[in-house]
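Single-letter residue listing:
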Amino acid sequence: MIVGLAGGVGGAKLLQGLALALPDVALTAIVNTADDFELYGLHISPDLDTVLYTLAGLANPTTGWGIAGDTRVTLDAIARLGRDPWFILGDQDLATHILRSERLKAGTPLSAIMAEFASALGVSTTILPMTDDTVATMVDTPAGRLEFQEYFVHRHQEDDVLGVEFVGGADSSPAPGVLDAIAAAELLVLCPSNPIVSIGPILAVPGIREAIERASAPVVAVSPIVGGKALKGSAGKMMRELGKEVSARAVAGEYLRLIDGFVLDQVDAHLLQSVSSLGVRALATPAVMRTVDDRVALARTVLDFARTVRTGRALEVE
Ligand code: FO1
C-alpha cells in the first residue's frame, strides 16, 4: 500500500499520477482539513474536494480546484442578493457542500462522508481526512488573526504572515484508518504541497508524525518549491515572511528526521549536495506537473527513487 499526505492542487496531481502509475496497488490519501470553513451555512473542505475531483477526473484543469465546466448560476444569484461572492463555488461543486453539510449535521463523520463520495464517483483511492475533528489554520497578520480562506482567497494572500496556528490541532485525533494506513504502508509520500499550511496541519494531529517516524516504509517528499518559488499558492511568500529561506532545501529542512528521500525539480539540481548534507537522499528530476503524463512520469520517478532510499530516519544531521 502507498500512502500520500496532501493538501490541495499539487498534492492531488501527484496522487493522480500514483493512482494511474499503479492501478493495482492500494493508494490512501491523508488530506489536510485545516483549510475547511463554513460559508452560507455549508461546510466546505477545499483540499478533500480537490483530491476527490482530481482522482475522479472531474477537476477544473485551469484552476486545479472546482469542477471542469461548472457554472456559476447560484453564485450570481447570491451576488444579486447583495453578498460578495468572494469564494468561487460552482453549481455542481455546491452539490458536494450541500450533501456533506447535511450528513455532518446528522452526525456522520467527515471520513465516512468522503468514503461515500469517493465510492459514488468511482474513485478507488481511499481518501481520508487527517481528522474528523475541527482544526482551523489561523493566520496572524498585521490586520489581526484571519481564517485561512479569508487570508488566502478573500484577501489574496496580501497580508504579511506573522505566524500560523492550527487551532484545535493539539486536541484532535487522526481519522479512522489514518494510523493503520501509515503503519501498513510500503511507501509514504509527502506530496508537493505547502509544508507549512498543507502538510503542517496533518503532522500536527497528535499521533500522525510519530506514526510516520515509526513507519518501516521509506518516506519520500516532493518539493512544492521550484527555482525559489512556489509552484502554486502562498508557500513561497509565507516561508519568506516567516523568516525561512524559500528553496527546495528549506522544504527538506522542514521535514528533517521524517523523510528518507527528497525529490526536487531539475532546475534546483545545484541544491542536491546541500540536501544530502541534511542526511536525506536527494534526486533532481522534472517535477513540474503540467499534463497528466507529467503526473504519471513524476509518480514513476518517485516510486523508482523510493526503492533506492535507505530507511533510517535517525541519520546524522550536519
Ligand atoms: N481558491 C481560490 O484561489 N479562489 C477561489 O475562489 C477558490 C474556490 C474554491 C472552491 C472550492 C474548492 O474546493 C477550492 C477552492 N479554492 C479556491 C482553492 C482553495 O481555496 C485553496 O487552494 C486551498 O484551500 C489551499 O490548499
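Everything here concerns the structure above.
Conventions we followed
Residues numbered from 1 in each chain as written. Predicted model: local features only at pLDDT ≥ 70, side-chain atom pairs only at ≥ 80, totals over all residues. Heavy atoms only, no water. Core = buried A, V, L, I, M, F, W, Y, C linked by side-chain atoms within 4.5 Å. Buried < 20%, exposed > 50% of the residue type's maximum accessible area, 1.4 Å probe, protein only. Helix = DSSP H or I, 4+ residues; strand = E, 2+ residues; numbered from the N terminus. Contact = heavy atoms within 4.5 Å. 1 Å grid on protein atoms, 1.4 Å probe; cavity = no way out; pocket = protein on both sides within 12 Å on 5 of 7 lines; lining within 4 Å. Points joined across faces, edges and corners; volume = space filled by probe spheres on them. Nonpolar A, V, L, I, M, F, W, Y, C, P; charged D, E, K, R; others polar. Pairing = 2+ DSSP bridges. Phe/Tyr/Trp six-rings, centres within 6.5 Å; stacked < 30°, edge-to-face > 60°. Salt bridge = Lys/Arg side-chain N within 4 Å of Asp/Glu carboxyl O. Axes fitted to C-alpha atoms, helices over the stretch in contact; angles between N-to-C directions.

**Student:** I keep staring at the nonpolar core and nothing clicks. Help me out?
**Tutor:** The nonpolar side chains of a soluble globular protein tend to be buried with one another. Core analysis: the biggest nonpolar cluster contains 52 residues, and Leu-5, Ile-182, Leu-188, Ile-212, Ile-259 and Phe-262 have the highest contact counts within it. In terms of residue count, helix H11 (residues 248–254) provides more of this core than any other element does, four residues in total. The residues touching Leu-188, leaving out its near neighbours within four places in the chain, are Val-3, Ile-182, Ile-212, Ala-215, Ala-217, Pro-218, Val-219 and Val-220. Counting 40 residues, the second largest nonpolar core, distinct from the first, contains Ile-113, Ala-118, Val-222 and Val-296.

**Student:** Explain the layout of surface pockets here, please?
**Tutor:** Rolled over the atoms, a probe sized like a water molecule indicates the empty space that remains. In this structure, the second largest pocket occupies an estimated 290 Å³ of space. In terms of lining residues, the second largest pocket is bounded by 19 residues, among which Thr-33, Asp-36, His-43, Thr-134 and Val-135 are the most central. Within the residue set of the lining of the second largest pocket, elements represented by two or more residues are strand E6 (136–141) and helix H6 (148–154). A total of three residues in the lining of the second largest pocket trace back to one element, the largest contributor, which is E6. For the lining of the second largest pocket, the per-class residue count stands at eight nonpolar, six polar and five charged.

**Student:** What is the right way to read the pairing of E6 from this model?
**Tutor:** Taken residue by residue, a regular strand's side chains alternate between the two faces of the sheet. Of the pairings in the sheet, the one linking E6 to strand E8 (residues 163–167) comprises five bridges and is antiparallel in character. If you follow Asp-140 over to E8, its bridge partner there is Gly-163. For E6 and strand E7 (residues 144–147), the ladder comprises four bridges, and the chain directions are antiparallel. Looking at the pairing, Asp-140 lines up with Arg-145 of E7.

**Student:** When you look at the packing of aromatic side chains in this model, what are you seeing that I'm missing?
**Tutor:** How two aromatic rings sit relative to each other is set out by the distance from centre to centre and by the angle between their planes. Scanning all chains against the criterion turns up five aromatic pairs. Aromatic pair Phe-37 and Phe-87: ring centres 4.9 Å apart, planes at 80 degrees, arrangement edge-to-face. One end of the pair, Phe-37, is in strand E3 (residues 37–39); the other, Phe-87, is in the loop between helix H3 (73–80) and helix H4 (91–105), and 50 residues separate them in sequence. Looking at Phe-37, the relative accessible area reads 6%, which means it is buried. Relative to Phe-87, the ring of Trp-86 has its centre 5.7 Å away and its plane inclined at 70 degrees; by these criteria the two rings are edge-to-face.

**Student:** Help me out: how do you make sense of the pattern of salt bridges in this one?
**Tutor:** Side chains carrying opposite charge are able to pair once their charged atoms draw close together. By the definition in use, this model includes eight salt bridges. Between Arg-103 and Glu-116 there is a salt bridge whose closest N-O contact spans 2.4 Å. Residue Arg-103 is found in helix H4, and its partner Glu-116 is found in helix H5 (residues 110–120); the two are separated by 13 residues along the sequence. Given a relative accessible area of 26%, Arg-103 falls into the partly exposed group. Residue classification places Glu-116 among the partly exposed positions, given a relative accessible area of 34%. In this structure, Asp-140 engages Arg-145 in a salt bridge whose closest nitrogen and oxygen atoms are separated by 2.8 Å. Salt bridges sharing common partners tie together Asp-140, Arg-145 and Glu-165.

**Student:** Got a minute to help me understand the sheet that holds E7 in this structure?
**Tutor:** Sheet strands line up and pair through hydrogen bonds in the backbone, either parallel or antiparallel. Spatially, three strands are ordered E7-E6-E8 in an open sheet, and the strand pairing comes out antiparallel. The two strands at the open ends of the sheet, each matched to only one other strand, are E7 and E8. Between one strand axis and the next, the sheet turns through 30 degrees on average, direction left out of account.

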